[in-house]
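So you can see what is in the structure, the chains are spelled out below.
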Amino acid sequence: MLGFLSARQTGLEDPLRLRRAESTRRVLGLELNKDRDVERIHGGGINTLDIEPVEGRYMLSGGSDGVIVLYDLENSSRQSYYTCKAVCSIGRDHPDVHRYSVETVQWYPHDTGMFTSSSFDKTLKVWDTNTLQTADVFNFEETVYSHHMSPVSTKHCLVAVGTRGPKVQLCDLKSGSCSHILQGHRQEILAVSWSPRYDYILATASADSRVKLWDVRRASGCLITLDQHNGKKSQAVESANTAHNGKVNGLCFTSDGLHLLTVGTDNRMRLWNSSNGENTLVNYGKVCNNSKKGLKFTVSCGCSSEFVFVPYGSTIAVYTVYSGEQITMLKGHYKTVDCCVFQSNFQIFSYHQWSRWFFIFSENICTNYLMHFFK
């Protein structure tokens, strides 16, 4: 540490190198922390989380009971043991509450005044954070599995929506209508993700074993269909032009947007070059994936060697992204883990689909921590 500081002071080291090294050390040092908790509001399983990117202070959670809760993560008491309090919630008595399970919640990327939620009740709702009233509601003919807003776009306000149908729908928050339909998949869309590098690039994953990259400005839409064999198998082979040998139910871009990670029910995770669609052939070994719907996993940001956190049965497996080495398994859940979310400067959260309680993993002397929900 002192060597880093001295080299930085004399201009021999990139100032960001120390930050990356410390971020890496903190991720590698995660351990169970029993001093932090979160107020329990949900009456059923917790399906989805999102931490707002502006301050990293407020967290949304969505549950199988249709309830949405907003938490304040800041430790205002400055005590060693504290409970993150719920600021407000959209409960069962709210007139606009989702009728069925909430599958995805997401903050508006540029401020905390708005957030979105989607549900098995076939709706995508846009909420005003201050009033907790719906600003807009999009209705679909099929069950909604996932949605995503671009984290970087300033040129459009499109929300990509994956449903039980084979078409990807793009909803325009400005016009309040469904502006685009992307056709090409043959079965339900289990995961969607906008590139964190390019405004108009979208990745979609389907139960048809395929992953597609789209440029939504193009009439034809689809840029690339990812091929696990990199074009070396005959088109007559059943697995040609497929990303996995099973349903593809998870997508995640690396923080720089240069690569895309996918997971499938074939118990494999693959790393792809997002510019040309090449399978990099990084071997992560068996990645247990029994999820019947979307599996939300995440990557680190700002580390010397980036990491990917993947729900793995009742644990969370941590791998190095570019070598495939498994670093550790984070334990604490009693049943299957469905999702994890990374907050680059503050904390990492993960949760269990049917959980109501929280555990926290933390490096002994730093602010990075991992929060687990369990039954």
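Residues numbered from 1 in each chain as written. Predicted model: local features only at pLDDT ≥ 70, side-chain atom pairs only at ≥ 80, totals over all residues. Heavy atoms only, no water.

Per an unreviewed UniProt entry, the recorded name for the protein chain is DNA excision repair protein ERCC-8, and the organism is Homo sapiens. The protein chain has a UniProt comment under Pathway (unreviewed entry) that states "Protein modification; protein ubiquitination." (UniProt positions renumbered as here; feature names shortened; annotations may be inferred.)

Caption draft 1: View of the sheet that holds strand β21 (residues 268–273). In spatial order, the strands read β19-β20-β21; together these three strands make up an open sheet with antiparallel pairing. In the strand order of this sheet, the two ends are held by β19 (248–253) and β21, each with one partner. Taking the axes of each pair of neighbouring strands and ignoring which way they run, one obtains an average angle of 20° across the sheet. Judged from the five bridges that link them, β19 and strand β20 (residues 259–264) form a sheet pairing that is antiparallel. Considered in β20, the bridge of G250 is made with V263. (Pairing = 2+ DSSP bridges. Helix = DSSP H or I, 4+ residues; strand = E, 2+ residues; numbered from the N terminus. Axes fitted to C-alpha atoms, helices over the stretch in contact; angles between N-to-C directions.)

Caption draft 2: Unusual backbone geometry, seen in detail. Even without being glycine, S209 reaches a positive phi, approximately 75°. Topologically, S209 is positioned in the loop between β16 (201–206) and β17 (211–215). Unusually for a residue other than glycine, L281 sits at a positive phi of about 65°. Residue class for L281 comes out exposed when judged on its relative accessible area of 60%. (Buried < 20%, exposed > 50% of the residue type's maximum accessible area, 1.4 Å probe, protein only.)

Caption draft 3: Structural detail: the nonpolar core. Counting 27 residues, the largest nonpolar core has L261, M269, Y284, F297, V308, F309 and Y319 as its most contacted members. Contributing elements (two or more residues each) for this core: β20, β21, β23 (307–312), β24 (315–320) and β26 (337–342). The residues contacting M269, other than those within four sequence positions of it, are H244, L261, T262, V263, V282, Y284, V287, F297, V308, V310 and Y319. (Core = buried A, V, L, I, M, F, W, Y, C linked by side-chain atoms within 4.5 Å. Contact = heavy atoms within 4.5 Å.)

Caption draft 4: Just the sheet that holds strand β9 (residues 123–128), in detail. One open sheet holds the four strands; their spatial order is β7-β8-β9-β10, and the pairing between them is antiparallel. Only two strands of the sheet have a single partner each, and these edge strands are β7 (102–107) and β10 (133–139). Strand-to-strand, the axes of this sheet are offset by a mean angle of 20°, without reference to chain direction. As paired elements, β9 and β10 share six bridges and run antiparallel to each other. Paired with L124 across the two strands is F138, which belongs to β10.

Caption draft 5: Geometry of the UniProt feature "repeat: WD" (unreviewed entry) in the protein chain. In this structure's numbering, the residues bearing the UniProt feature "repeat: WD" (unreviewed entry) are residues 39–81, 95–137, 182–217 and 241–282. Along residues 182–217, the helical share is 0% and the strand share 50%, with 11 Å between the first and last C-alpha atoms.

Caption draft 6: Layout of the pattern of salt bridges. With the rule as written, the count across this model stands at six salt bridges. Residue R57 pairs with E74 through a salt bridge whose shortest N-O separation is 3.7 Å. Taken together, the residues R57 in the loop between β3 (46–51) and β4 (58–63) and E74 in the loop between β5 (68–72) and β6 (82–90) connect sequence positions 17 residues apart. When its relative accessible area of 24% is taken as the criterion, R57 is described as partly exposed. Linking D215 and R217 is a salt bridge whose minimum nitrogen-to-oxygen distance equals 3.0 Å. (Salt bridge = Lys/Arg side-chain N within 4 Å of Asp/Glu carboxyl O.)

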